[in-house]
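Report on the structure
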Amino acid sequence: MASYRLRINGVEHAIESSDPDQPLLYGLRGLGLTAAKFGCGLGQCGACNVLLDGRTTRSCLETIASAQGKSVVTVEGLGSIAALHPVQAAFIKEQVPQCGYCTSGMIISAAALLAEKSKPTEDDIRTALAGNLCRCGTHVRVIRAVMSASVQGG
Amino acid sequence: MLKAGALTVGFALAGLTARAGDAIPAPRTLDPNALDSFLVVDGDGTVTLFCGKVDLGQGLRIAMRQIAGEELGIGVDKIKYVEGDTALTPDQGRTSGSNGIQRGGMQIRRAAATAREALVALAAQRLNTAADDLIAADGEVRPKNGGAGIRFADLIGARSFNLKLNPKAPLKNPATYTLVGRPLPRPDVPAKCTGTFTYMQDFSLPDMIHARVIRPPAIGAKLIAVDEASIKDLHGAKVVRIKDFLAVVADDEWTAVRASRSLRAQWSDWSGLPEQDKLVATLRADRDITDEVLVTRGQSAAGNPPGAVTRSASYFWPMQSHASIGPSCAVADVSGDSATVWTASQGTQAIAKLSHASLACPRKRCGSSTSRAPDVTA
């Protein structure tokens, strides 16, 4: 059993695992940070997205060993009901989620986009979120929410 | 973490958050023809609505409140909501095909209208006023022309309604609607946007073990042999085999996943499906495929006019699964003679029956609950 230190949502954590190839996703969820979801386990759907050193990363593919020493931000770290990230506030205002299972991944990708490009075009949003699948069909509301968040200075 | 036990259910609505451990009034009956199955008037100015249909993200949690609140005369923020739990909600059938509002909502509407009729009748007696001169609104019944009213809780007290749903209970005039027809926010949205909504996949019980099912390589393949030694290095992983059903269990989730990938099993050959490359031809040759005329327009009895052109085209799209993005998931708490199963299901009543059969568990004691996490099926 080895211990892997990483900074999650601004707090130092040590995740224990007997397998260095354990996906970061399981480590996060084992700590109770369940916003990142298992959707496919193949890096295809985006439900597991987190920010790793600021970049959108598939936590289902990122191993705990390779995440060691890095900084992870999950949806829980972006904001809370009491202090919403502008993307979260926009997603709530636009009533984006249906089942909501893809929503965490969408929010991470959107937050990363707006951090890099504060006034994206609709095409920019579609491109940035191309790797986030949604089976309920919330896509139009997602785009509207991200546009709304960008106008608000997200 | 949710406490074990089918009767502990959490729910939250802006302005009305139930704390963990809050008692939900048990319905007096589960009979889908009885008013008491659907509605309980609580002593604190609220009512509890018990709904057999489940919210998968389509918004029943607010829509059903709107329907009930409109007919009954109470605000949506005063309505507590229990859904899908087979121990607590009437069997309203499966949630699918857009029937939630169409059928389930109409039962809820009738229940609320029946309750309003009964509460108005009680108030008419107490206030010595004709029922037609009374109105139910804001959780009370009061004279239309002003004057003090009586709260629902003070009218019915701790008693049951003991009424069947009345198909003739007067329905509210749509011209006077204040709730139905308005786009009210769905109560689960904020939690889904802040990562605090508990899905089936996030739900755990103390000392819970994890499992992964290992699927056969083909529909009709039989399980011939399992090499349990192939996972001996995965500490704590064990094989579960029941005839052709194969799974692994472990104390932690990642170990169960690894075991499911590493376990060597031998399955029989089965190749009864059509070849992928020949799928179109196979389907066309199927004797159950029939021609269907969709539109006939402008054709004379004498057939096509001279010079008419015939055009044809062929379209085919691949097999698709009507599935959710979240993987299938369930938690079962099985003890001596009872079991509680939590699963993201569109038909919890059917799951309860299945559990009963699979576990050889007395029907009354096999509950099925989706109250925590129905949204993953879409």
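Residues numbered from 1 in each chain as written. Chains lettered and ligands numbered in written order. Predicted model: local features only at pLDDT ≥ 70, side-chain atom pairs only at ≥ 80, totals over all residues. Heavy atoms only, no water.

Attention shifts here to the pattern of salt bridges. By the definition in use, this model includes 26 salt bridges over all chains. Taken together, the shared-partner salt bridges in this structure form one network comprising B:Asp55, B:Arg61, B:Glu83, B:Asp188 and B:Lys192. (Salt bridge = Lys/Arg side-chain N within 4 Å of Asp/Glu carboxyl O.)

With that settled, the discussion passes to unusual backbone geometry. With phi around 55 degrees, A:Gln95 is a residue other than glycine that occupies positive phi space. Relative to the helices and strands, A:Gln95 is located in the loop between helix H4 (86-93) and helix H5 (103-116). Even without being glycine, B:Lys243 reaches a positive phi, approximately 55 degrees. Along the polypeptide, B:Lys243 turns up in the loop between strand S11 (238-242) and strand S12 (245-250). The exposed category is assigned to B:Lys243, whose relative accessible area is 72%. (Helix = DSSP H or I, 4+ residues; strand = E, 2+ residues; numbered from the N terminus. Buried < 20%, exposed > 50% of the residue type's maximum accessible area, 1.4 Å probe, protein only.)

Okay, the sheet that holds strand S4 (residues 47-51) of chain B next. Residues and elements named next belong to chain B. The mixed open sheet is built from 3 strands, whose spatial order is S3-S4-S5. For this open sheet the edge positions go to strand S3 (39-41) and strand S5 (79-83), each flanked by a neighbour on one side alone. The sheet shows a mean angle of 15 degrees between the axes of neighbouring strands, taken without regard to direction. Where S4 lies against S5, 5 bridges are found, and the strand directions are parallel. Among the inter-strand pairings, Phe50 is bridged to a residue of S5, identified as Val82. Taken strand by strand, helix H2 (residues 60-72) contacts S3, S4 and S5, and its axis lies near 130 degrees from that of S5. (Pairing = 2+ DSSP bridges. Axes fitted to C-alpha atoms, helices over the stretch in contact; angles between N-to-C directions. Contact = heavy atoms within 4.5 Å.)

The next thing to look at is the sheet that holds strand S5 (residues 71-73) of chain A. Strand-to-strand pairing in sheets goes through backbone hydrogen bonds, with the strands running parallel or antiparallel. Residue and element names in this part refer to chain A. Strand order in the open sheet formed by 5 strands is S2-S1-S5-S3-S4, with mixed pairing between adjacent strands. Each edge of the open sheet carries a strand with a single partner, namely strand S2 (11-17) and strand S4 (55-58). Taking the axes of each pair of neighbouring strands and ignoring which way they run, one obtains an average angle of 45 degrees across the sheet. Note that strand S3 (residues 49-52) and S5 share 2 bridges and pair antiparallel. Following the sheet pairing, Leu51 is matched in S5 by Val73. Against the sheet, H5 touches S3, S4 and S5, its axis set at about 35 degrees to S3.

The next thing to look at is the nonpolar core. What tends to happen in soluble globular proteins is that the nonpolar side chains get buried as a cluster. Judged by nonpolar contacts, the single largest core of 36 residues is most densely connected at A:Val87, A:Phe91, A:Met106, A:Ile107, A:Val142 and A:Val146. Of all the secondary structure elements, the ones that give two or more residues to this core are helix H3 (75-78), H4, H5 and helix H7 (139-151) of chain A together with helix H5 (189-193) of chain B. If we skip the residues at most four places from it in the chain, A:Val87 touches A:Ile107, A:Ala110, A:Ala111, A:Leu114 and A:Ala149. (Core = buried A, V, L, I, M, F, W, Y, C linked by side-chain atoms within 4.5 Å.)

As a further point, take the interface of chain B and chain A. Across the contact, 30 residues belong to chain B and 35 residues belong to chain A. When the two sides are added together, the surface that chain B and chain A hide from each other amounts to roughly 2500 Å², 58% of it contributed by carbon and sulfur. Our count for the chain B to chain A interface comes out at 3 salt bridges. Notably, a salt bridge pairs A:Arg29 with B:Asp202, separated by 2.7 Å at the nearest N-O pair. Where chain B packs against chain A, one counts 15 residue pairs in polar contact (both at pLDDT 80 or more). For the side of chain B that touches chain A, the secondary-structure elements that each account for two or more residues are H5 and helix H6 (253-262) of chain B. Of the residues in the side of chain B that touches chain A, the class split is 15 nonpolar, 7 polar and 8 charged. (Buried area = accessible area lost by both parts, 1.4 Å probe. Polar contact = N/O pair within 3.5 Å; in protein donor to acceptor, adjacent residues only side chain to side chain. Nonpolar A, V, L, I, M, F, W, Y, C, P; charged D, E, K, R; others polar.)

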